[in-house]
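Chain by chain, the residues run as shown.
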Amino acid sequence: MDLVDFVQSITDGLLFGATYALIGIGFTMIFGVMHKINLAYAATSIAGAYVSWAVGTLLPLPALVTFVVAAIGGGIVGYLVYLCCFKFIPVTSPLATLLGTVGMLILIDEIIVHETNGMPQPYPALFDDVYFEIGEFYGIRGDLLFIFFLSLIATAILLYILYRTKLGIATRAVAQQPVAAQLCGISIERTNASTFVITGLLGGLAGAMIGASVGVLSPLLTLPITIKGLIVTVIGGLGSIPGAIIAGLLVGAFENFFQALRGVTERDMYVMLLLFAFLTFRPGGIFSKTTSRD
Amino acid sequence: MLEVNDIVTAYGKIEALKGVDLAVSQGQVTCLLGPNGAGKTTLMMTIAGILRPKRGSIRFNGQDIAGKPARMIVEQGIVLVPENRLVFRDMTVEENLMAGAFSRSDGKTVQSDLEAMYERFPHLQERSTQYAGTLSGGEQQMLAISRALMARPRLLLMDEPSLGLAPLIVEDIFRIIRELNDEGMTVFVVEQNARMALQVADHFYLIEQGKVVFDGTPGEMEEDEVIKRAYLGKKI
């Protein structure tokens, strides 16, 4: 492997890592607000992409609209996951919600397999005919650059909501101090529900971005994306949004580099080793929280 | 203004409140005394809607609010300053105050209330962009009080506002309680420091093992031999 391949694989990986960052943000936000893991989150994200694919088979959509439909689909599926796995299950039984989300992950997977006969479906890419050449050897794929900027915009909107709106104050208040949040008149149930919708919107968008950069949608995507999302969340530090962003890009670059170096079959092994290294040397993640809840 | 009738609140099978009756009159400062584990915080949490009573009624201006969610109780005008302050540590002072105003939709008056709060607590203005977790205990208590005031309560509940604070700051807090009361605020405060409470309270209740065992004015309290010995430290 020469320098050109090295730089190129890391660049592509960083750009694709933006989708992992979005998935990681979703996992981490739900954990931050509810202190629960939603294992159906990556399935929500792929489901959102499938919703836009299904709508696209009925009436042809411009590629950009497909992304919007995917986000909305993700938001709806996210809310359904909340209804089925969280709303009616008492907070004191964390295992019940965890297993509920595992069931939801399998259910979503099965619905997709059933509806598509298990066949991968083509997904429209945007700007895949664009290629920016940089110097003599390097270049950037237009479609990857597009999803990178799209996730930057989505993250910026999310941060705006979290830090500049009333909904954001409520969300952070519930995450930090649920009793005091209730005493301020904030409804925990509504905040939980809105968190699932917001993360669902992000997830649907990420699902569309994955579909667009891979070129196809397949039910085989849900499990690897779930695992990557969890890895990103752990490496970033549970509950930390900046951590999820950085860890997403890191995992994307890392995985693509080892794919170029060792091939696609060995790639995930190295990502697992990265997780192992973090769990050993920095178990709290990049942005481990030092303050405890009181 | 507030009437608590035969309230029973239980944690699982253990009843922390075994039928509490008490009343808070409009415009007064009412103080609830009692040893650790008597159920003072449980009562406050029950009135504020965080805990659901097993039975009994809580009437606020004639309306039964027992078992209603906290959000609706805040909207009714009852706001609790919780024990241990419970500020949002990773939010700025100003964000804490804005969270306190969550139940209100009138943006302009919220803004003027925010300024009024800074006027009352100049320390908070100096630290308005600082994270609440970096404040001292006394400052956090001031923040918790002003956060509650941002909801424009008609009845302010306070759960041990002096807990773990230096004597000078405790005096500050009681000065604020008196100021608020002079401005017309009805206050229901849980306090272990009976001596301080005597300076502001119009009415006292003593709760032991989930039941009210004394109910009277400050004068009557000072007459009561048991309270004198246990809470005021006077020799008989």
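Residue positions are given per chain, counted from 1 along the sequence in the order it is written. Lettering of chains starts at A and numbering of ligands starts at 1, both following the order in which they are written. Since the coordinates come from a predicted model, pLDDT governs what is reported: local features require at least 70, and pairs of side-chain atoms require 80 or more to be given and counted, while whole-chain, interface and lining totals use all residues. To get the side-chain values, all heavy atoms of the structure are used, and hydrogens and water are removed first.

## Description of the side chain of Asn181(B)
Residue and element names in this part refer to chain B. Note that Asn181 resides in helix H7 (residues 167-182). The class for Asn181 is buried, based on a relative accessible area of 16%. Side-chain atoms alone can form a polar contact between residues adjacent in sequence; in general such a contact is a pair of N or O atoms within 3.5 Å, and within protein one must be able to donate a hydrogen while the other accepts it. A polar atom in the side chain of Asn181 sits 2.9 Å from the backbone oxygen of Gly27. Asn181 has contacts with Gly27, Gln28, Val29 and Asp202, leaving out every residue within four places of it along the chain. Per the convention used, a helix needs a DSSP run of H or I reaching at least four residues, while a strand needs a run of E reaching at least two, with both numbered from the N terminus. Only protein chains enter the accessibility calculation, which uses a 1.4 Å probe; a residue is then buried when its area is under 20% of its type maximum, exposed when over 50%, and partly exposed in between. Contacts were defined at the residue level, with two residues in contact if any of their heavy atoms lie within 4.5 Å.

## Re the sheet that holds strand S6 (residues 78-81) of chain B
Sheet strands line up and pair through hydrogen bonds in the backbone, either parallel or antiparallel. Residue and element names in this part refer to chain B. When DSSP finds two or more bridges between two strands, those strands count as paired. Here six strands make up an open sheet; going across it, the order is S6-S7-S8-S3-S9-S10 and the pairing mixed. Each end of this open sheet is capped by a strand with a single partner; those strands are S6 and strand S10 (211-216). Here the strands of the sheet are splayed against their neighbours by 20° on average, with no regard to which way each runs. Across four bridges, the pairing between S6 and strand S7 (residues 155-159) is parallel. For helices, the fitted axis covers only the stretch in contact; all axes are lines through C-alpha atoms, and the angles between them, taken along N-to-C directions, range from 0 to 180 degrees.

## Points about the pattern of salt bridges
Salt bridges are counted wherever a side-chain nitrogen of Lys or Arg sits within 4 Å of a carboxyl oxygen of Asp or Glu. Under the criterion given, the structure shown has 18 salt bridges over all chains. A salt bridge links Glu255(A) to Lys228(A); its shortest N-O distance comes to 2.8 Å. Taken together, the residues Glu255(A) in helix H10 (residues 241-262) and Lys228(A) in helix H9 (residues 222-236) connect sequence positions 27 residues apart. For Arg120(B), the salt bridge goes to Glu179(B), with nearest N and O atoms at 3.4 Å. Pair noted here: Arg120(B) is in helix H4 (residues 107-120) and Glu179(B) is in helix H7, with a separation of 59 residues, a long-range link. With a relative accessible area of 27%, Glu179(B) lands in the partly exposed category. Beyond isolated ion pairs, a larger network of salt bridges with shared partners links Arg120(B), Asp172(B), Arg175(B), Glu179(B) and Glu183(B).

## Notes on the sheet that holds strand S5 (residues 63-64) of chain B
Residue and element names in this part refer to chain B. The strand order across the open sheet built from four strands is S2-S1-S4-S5, with neighbouring strands paired in antiparallel fashion. Here the strands that pair on one side only, and so sit at the sheet edges, are strand S2 (14-24) and S5. Of the strand pairs in this sheet, strand S4 (residues 55-60) and S5 are connected by two bridges, and their pairing is antiparallel. The partner of Arg59 across the bridge, within S5, is Asp64. Most of the contacts of helix H1 (residues 40-48) go to strand S1 (residues 2-11), to which it runs at about 110°, and overall it touches S1, S2 and S4.

## A closer look at a nonpolar patch on the surface
Residues and elements named next belong to chain A. On the surface, Val68, Ile72, Ile76, Leu80 and Leu201 cluster together into a nonpolar patch covering about 430 Å² of accessible area. It is helix H3 (residues 63-87) that contributes the most residues to the nonpolar patch, four residues altogether. By the secondary structure assignment, Leu80 is in helix H3. Take Leu80: its relative accessible area is 41%, and that puts it in the partly exposed class. Patches in this entry comprise residues that are over 30% relatively accessible and not in a salt bridge; like charges within 9 Å are linked, as are nonpolar side chains (Val, Leu, Ile, Met, Phe, Trp, Tyr) within 5 Å. Reported accessibility uses the Shrake-Rupley method at a 1.4 Å probe radius. Residues are deemed covered only where the shown protein chains occlude them.

## Digging into the side chain of Thr195(A)
Residues and elements named next belong to chain A. By secondary structure assignment, the location of Thr195 is in helix H8 (residues 188-214). Within the structure, Thr195 has its side chain in polar contact with the backbone oxygen of Thr191 (distance 2.7 Å). Those residues in contact with Thr195 that lie beyond four places of it in its chain are Met29, Ile30, Val33 and Thr171.

## Considerations on the packing of H10(A) against helix H11 (residues 264-281) of chain A
A pair of packed helices can be characterised by two numbers: the angle between their axes and the separation between those axes. All names here are of chain A. It is the contact of H10 with H11, at a shortest axis distance of 8 Å, that shows an interaxial angle of 140°. It follows that H10 is oblique to H11 by the angle criterion. Handedness of the crossing formed by H10 with H11: right-handed. For the pair H10 and H11, the contacting residues are Leu250, Val251, Phe254, Glu255, Phe258, Gln259 and Arg262 in the first and Val264, Glu266, Arg267, Asp268, Tyr270, Val271, Leu274 and Phe278 in the second. Here the contact of H10 with H11 is composed, by residue class, of nine nonpolar, one polar and five charged. For classification purposes, angles smaller than 35 degrees are called roughly parallel, those larger than 145 roughly antiparallel, those between 65 and 115 roughly perpendicular, and all remaining angles oblique. Less than a right angle of anticlockwise turn of the near helix away from the far helix marks a crossing as left-handed, whereas a clockwise turn marks it as right-handed. Just so you know the grouping, Ala, Val, Leu, Ile, Met, Phe, Trp, Tyr, Cys and Pro go in nonpolar, Asp, Glu, Lys and Arg go in charged, and all remaining residues, Gly too, go in polar.

## Some words on the packing of aromatic side chains
The rule is short: rings of Phe, Tyr and Trp, with Trp giving its six-membered ring, pair when the centres are within 6.5 Å, and they are stacked under 30 degrees, edge-to-face over 60, tilted in between. By the definition in use, this model includes 12 aromatic pairs over all chains. Centroid distance Phe27(A) to Tyr41(A): 5.4 Å. Interplanar angle 70°. Geometry classified as edge-to-face. Highlighted residues: Phe27(A) in helix H1 (residues 3-34) and Tyr41(A) in helix H2 (residues 41-58), separated in sequence by 14 residues. Centroid distance Phe258(A) to Tyr270(A): 4.3 Å. Interplanar angle 10°. Geometry classified as stacked. Pair noted here: Phe258(A) is in helix H10 and Tyr270(A) is in helix H11, with a separation of 12 residues, a long-range link. We note that Phe258(A), like Tyr270(A), is buried. Members of the aromatic cluster, connected to one another through ring pairs, are Phe6(A), Phe254(A), Phe257(A), Phe258(A) and Tyr270(A). For a lysine, the NZ atom is tested; for an arginine, the CZ atom; a charge sits over a ring if that atom is within 6 Å of the ring centre and within 35 degrees of the ring normal. Directly above the ring of Phe102(B) sits Lys166(A), whose terminal nitrogen or CZ lies 5.3 Å from the centroid. Taking NZ or CZ as reference, Arg147(B) lies 4.8 Å from the ring centre of Phe88(B), over its face.

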